[in-house]
Amino acid sequence: MTTGYRDYDHHGYSDHDHITPNDAWMEKGASTGSGKKKWVVIGSIIGLVALIAIGVALGVTLSKKSSSSSSSSSKSGSSSSDPSNFSKDANLKQSFYGIAYTPAGSQLPDCGNSLDDVISDIQIMSQLTTRVRLYGADCNQSALVLEAIKQTKVNMTVFLGNYPVSTDDDAAYDRQRDLIKSAIQTYGTDHIGGVTVGNEYILNYLNANGATDPNGAVGNQGGELLIANINDTRSMLSGLGVSLPVGNADAGSYFNDLVLEQVDYGMANVHPWFANVSVDQSAGWTWEFFEVNDVQLAQGLSNTPEMYVAETGWPTKSSDVADESNGPSTASVANLQTFLDTYICQANTNGTKYFFFEFFDEEWKDKQYGGVEGWWGLFNANRTLKDGITIPDCVLS
């Protein structure tokens with residue numbers, strides 16, 4: 001599709017991705033031989049979980065205009081005409097490494113986003129994290145976020161995103177590249193952490209061409225197409241006289257080696273919900289999956305790209321009964337709280353670089369896909385913290 005991003009309509013993990021979740025995880029700061037801090041597993045091993053289905057498509061989709069809300073959090077709104085002078089919410093803690101974010105109304109062809117809304121979002125998120133990642137650049141979202149950071153004067157780094165598709169002769173890529181270029185020309189690079197080219201590109205390419213192996217012939221064919229976009233992005237940045245990391249995001253077990261060898265960082269979507277893992281074992285499973293499928297892969301490549309968890313989280317409800325459970329656990333605020341309590345502080349202590357999915361509920365996803373798709377936010381769509389959620393209070397190591 002040239003006007004839409006694929007989102008959660010395809011989920012699953014390949015059959016070879018068997019991870020052993022365990023009963024408990026404790027924080028540990030000791031380094032491993034690879035220099036990475038690791039989780040320490042305690043408790044008995046409860047057996048292998050067979051991860052199901054083919055294809056995780058966990059990126060942000062551009063297709064319909066989102067149902068945006070102009071209201072801001074009642075405790076985090078601007079207290080004057082100066083966006084940098086805003087009230088703080090004592091319930092919020094700057095405990096997250098990063099947060100996944102798409103401004104409301106950033107879906108073509110309608111583009112209903114607004115600077116006022118993005119300013120409200122940045123004011124709130126700055127109380128939770130110093131990093132956000134975007135998925136695409138359509139509807140001028142790169143410039144809106146950078147302008148909001150400028151006006152609020154918060155300590156925030158944004159990873160810009162370009163969401164290309166393989167079936168439009170690079171029309172989506174070119175359009176977003178030019179928007180990113182314009183934003184950099186206007187705002188510079190002080191608040192930009194990198195430019196991510198591609199989100200679930202290889203996964204989608206495999207699905208579209210009836211293949212499953214990201215490093216097979218079809219996967220490599222898709223990889224070469226994506227590498228052309230990556231190289232073009234590097235040329236664009238070089239032409240501007242700036243130096244920024246260039247990366248790629250994909251499903252956790254669908255990275256193409258050729259692509260990873262050409263980027264500075266990789267971002268992996270790792271969701272225990274879609275792997276049918278129980279919530280009480282999801283924190284350990286998430287780290288284990290990321291370590292086995294992504295960190296170790298990157299360490300085996302000549303360029304050793306930095307690896308991030310691009311998405312992880314837990315849904316709080318389902319719009320239909322059929323999808324309210326992943327088998328062992330349900331979509332609920334209580335279970336999101338469990339995941340927050342067992343993952344965030346431990347990940348901080350152990351040096352995992354992650355972007356929590358996601359800032360607020362996206363109502364357009366519920367309208368388009370149903371099920372749990374629109375209900376992953378820490379906040380409701382109106383930017384109020386979900387009732388029953390307590391933000392973990394811990395610092396990044």
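Numbering of residues starts from 1 in each chain and follows the order in which that chain's sequence is written. The predicted nature of this model means local features are confined to residues of pLDDT at least 70 and side-chain atom pairs, given and counted, to a pLDDT of 80 or more, with totals for whole chains, interfaces and linings taken over all residues. Excluded from the side-chain calculations are hydrogens and water; all other atoms, namely the structure's heavy atoms, are used.

Participant: Help me out: how do you make sense of the overall build of the chain in this one?
Facilitator: Going along the chain from the N terminus, every DSSP run of H or I of four or more residues is numbered as a helix, and every run of E of two or more is numbered as a strand. Looking only at helices and strands, one finds nine helices and 10 strands in the chain. Relative to all contacts within the chain whose residues are 6 or more apart in sequence, the contacts with residues 24 or more apart total 77%. For the area figures, the Shrake-Rupley method with a 1.4 Å probe applies, and any residue is considered shielded solely by the protein chains shown. For the chain, the accessible surface area stands at approximately 14200 Å², while carbon and sulfur atoms represent 47% of it. We call two residues in contact when some of their heavy atoms are within 4.5 Å.

Participant: In this structure, what is going on with the environment of Ser 253? I would like to understand it.
Facilitator: Assignment of secondary structure puts Ser 253 in the loop between strand 7 (246-251) and helix 6 (257-260). A C-alpha to C-alpha distance of 8.0 Å links Ser 253 and Ala 268, two positions 15 residues apart in sequence.

Participant: Mind showing me how you'd approach the sheet that holds strand 9 (residues 306-312) here?
Facilitator: What holds strands together in a sheet is hydrogen bonding between their backbones, with the strands either parallel or antiparallel. Strand pairing is assigned whenever DSSP identifies at least 2 bridges connecting the two strands. Taken in spatial order, the eight strands close into a barrel running 3-4-5-6-7-8-9-10, and their pairing is parallel. For this sheet, the mean inter-axis angle between neighbouring strands, taken without regard to orientation, is 25°. Here an axis means a line fitted to C-alpha atoms, over the contact stretch when the element is a helix, while the angle between two N-to-C directions is reported on a 0 to 180 degree scale.

Participant: Sorry, what's going on with the packing of helix 1 (residues 115-125) against helix 2 (residues 141-152) here?
Facilitator: A pair of packed helices is characterised by two quantities: the angle between their axes and the separation of those axes. Remark: helix 1 packs on helix 2, axes separated minimally by 9 Å, with the N-to-C direction vectors making an angle of 60°. Taken as axis vectors, helix 1 and helix 2 run oblique relative to one another. As for how helix 1 packs across helix 2, the hand of that crossing is right-handed. Every residue of helix 2 that contacts helix 1 at Leu 115, Val 118, Ile 119, Ile 122 and Gln 123 is listed here: Leu 144, Val 145, Glu 147, Ala 148, Ile 149, Gln 151 and Thr 152. Under this grouping Gly is polar, as are all residues other than the nonpolar Ala, Val, Leu, Ile, Met, Phe, Trp, Tyr, Cys and Pro and the charged Asp, Glu, Lys and Arg. In the contact of helix 1 with helix 2, the residues fall into eight nonpolar, three polar and one charged. With respect to orientation, any angle under 35 degrees is reported as roughly parallel, any angle over 145 as roughly antiparallel, any angle of 65 to 115 as roughly perpendicular, and every other angle as oblique. Left-handed describes a crossing whose near helix is turned anticlockwise from the far helix through less than a right angle; right-handed describes the clockwise counterpart.

Participant: Hey, could you run me through helix 8 (residues 333-349) in this one?
Facilitator: At 3.6 residues per turn, the α-helix brings residues three or four places apart onto the same side. A helix is expected to span 1.5 Å multiplied by its residue count minus one. In this model helix 8 runs 24 Å from its N-terminal to its C-terminal C-alpha over 17 residues, within 8% of the 24 Å that 1.5 Å per residue would give. Of all the bends in helix 8, the largest measures some 25° and sits at Leu 340. Throughout this description, buried means an accessible area under 20% of the type-specific maximum (1.4 Å probe, protein chains only), exposed means over 50%, and partly exposed covers the range between. The set of residues buried in helix 8 consists of Asn 335, Leu 336, Gln 337, Phe 339, Leu 340, Tyr 343, Ile 344, Cys 345, Gln 346, Ala 347 and Asn 348. Following helix 8 by one or two positions, Gly 351 has its phi on the positive side, about 80°. One axis is fitted to the seven residues ending at the residue and one to the seven starting there. The bend at that residue is the angle between these axes.

Participant: Sorry, what's going on with the nonpolar core here?
Facilitator: Soluble globular proteins tend to bury their nonpolar side chains together. Here, nonpolar core refers to any group of buried Ala, Val, Leu, Ile, Met, Phe, Trp, Tyr and Cys residues whose side-chain atoms link them within 4.5 Å. Core analysis: the biggest nonpolar cluster contains 97 residues, and Phe 96, Tyr 101 and Val 158 have the highest contact counts within it. With seven residues, helix 8 is the largest single contributor of residues to this core. When sequence neighbours within four positions are dropped, the list of residues in contact with Val 158 reads Val 132, Leu 134, Val 145, Leu 146, Ile 149, His 191, Ile 192, Gly 193 and Gly 194.

Participant: Just checking my understanding: could you explain unusual backbone geometry for this structure?
Facilitator: Excluding glycine, a negative phi dihedral is what most residues carry, and trans is how most peptide bonds are arranged. Following Leu 108, the chain continues to Pro 109 via a peptide bond in cis, the omega torsion being 5°. Here Pro 109 shows up in the loop between strand 3 (98-100) and helix 1. A cis amide bond, omega 5°, links Phe 357 with the succeeding residue Glu 358. Note that Glu 358 resides in the loop between strand 10 (354-356) and helix 9 (363-369). A positive phi angle, close to 60°, is found at Lys 153, a residue other than glycine. Position of Lys 153 among the secondary structure elements: in the loop between helix 2 and strand 5 (157-162). Residue class for Lys 153 comes out exposed when judged on its relative accessible area of 65%.

Participant: Help me understand the packing of aromatic side chains, please; the structure alone is not making it clear to me.
Facilitator: Any pair of aromatic rings gets described here by the distance separating the centres and the angle formed by the planes. Here is the rule: rings of Phe, Tyr and Trp (six-membered ring for Trp) pair when centre to centre is within 6.5 Å. Planes less than 30 degrees apart are stacked, more than 60 are edge-to-face, and the remainder are tilted. A complete count under the given rule lists 21 aromatic pairs for this structure. With a centroid separation of 6.2 Å and 50° between ring planes, the pair formed by Tyr 101 and Phe 360 is classed as tilted. In this pair, Tyr 101 is assigned in the loop between strand 3 and helix 1 and Phe 360 in the loop between strand 10 and helix 9, connecting sequence segments 259 residues apart. Neither residue differs from the other here; Tyr 101 and Phe 360 are each classed as buried. Residues Phe 159 and Phe 355 carry aromatic rings whose centres are separated by 5.6 Å and whose planes lie at 80° to one another, so their mutual orientation is edge-to-face. Taken as a pair, Phe 159 in strand 5 and Phe 355 in strand 10 lie far apart in primary sequence, 196 residues in all. With respect to burial, Phe 159 and Phe 355 carry one shared label: buried. For a lysine, the NZ atom is tested; for an arginine, the CZ atom; a charge sits over a ring if that atom is within 6 Å of the ring centre and within 35 degrees of the ring normal. A cation over a ring is seen here: Lys 88 above Phe 86, with NZ or CZ 4.1 Å from the ring centre. Cation over ring: Lys 317 sits above Trp 375, and NZ or CZ is 4.3 Å from the ring centre.

Participant: Any chance you could explain the pairing of strand 6 (residues 192-199) here in plain terms?
Facilitator: Successive side chains on a regular strand alternate, one facing one side of the sheet and the next facing the other. Most of strand 6 is tucked away, with eight of its eight residues classed as buried. With five bridges connecting them, strand 5 and strand 6 associate as parallel partners. Across the sheet, the residue bridging to Asn 162 is Val 197, located in strand 6. Following the backbone out of strand 5, through helix 3 (residues 171-187) and into the adjacent parallel strand 6, one traces a crossover that is right-handed. Orient the strands so they point away from the viewer, and a crossover whose first-strand-to-second-strand path over the helix runs clockwise is right-handed.

Participant: How should I be thinking about the pattern of salt bridges in this particular structure?
Facilitator: Pairs may arise between side chains of opposite charge once their charged atoms sit close together. What counts as a salt bridge is simple: a side-chain nitrogen of Lys or Arg found within 4 Å of a carboxyl oxygen of Asp or Glu. Under the definition given, this model contains 11 salt bridges. Residue Asp 117 is joined to Arg 383 by a salt bridge in which the shortest nitrogen-to-oxygen separation is 3.9 Å. Separated by 266 residues along the polypeptide, Asp 117 in helix 1 and Arg 383 in the segment after helix 9 bring together distant segments of the chain. The two residues Asp 117 and Arg 383 agree in class, both being buried. Here the salt bridges do not stand alone but share partners, grouping Asp 174, Arg 177, Asp 178 and Asp 232 into one network.

From the geometry alone we can't say anything about function, so treat these as descriptive.
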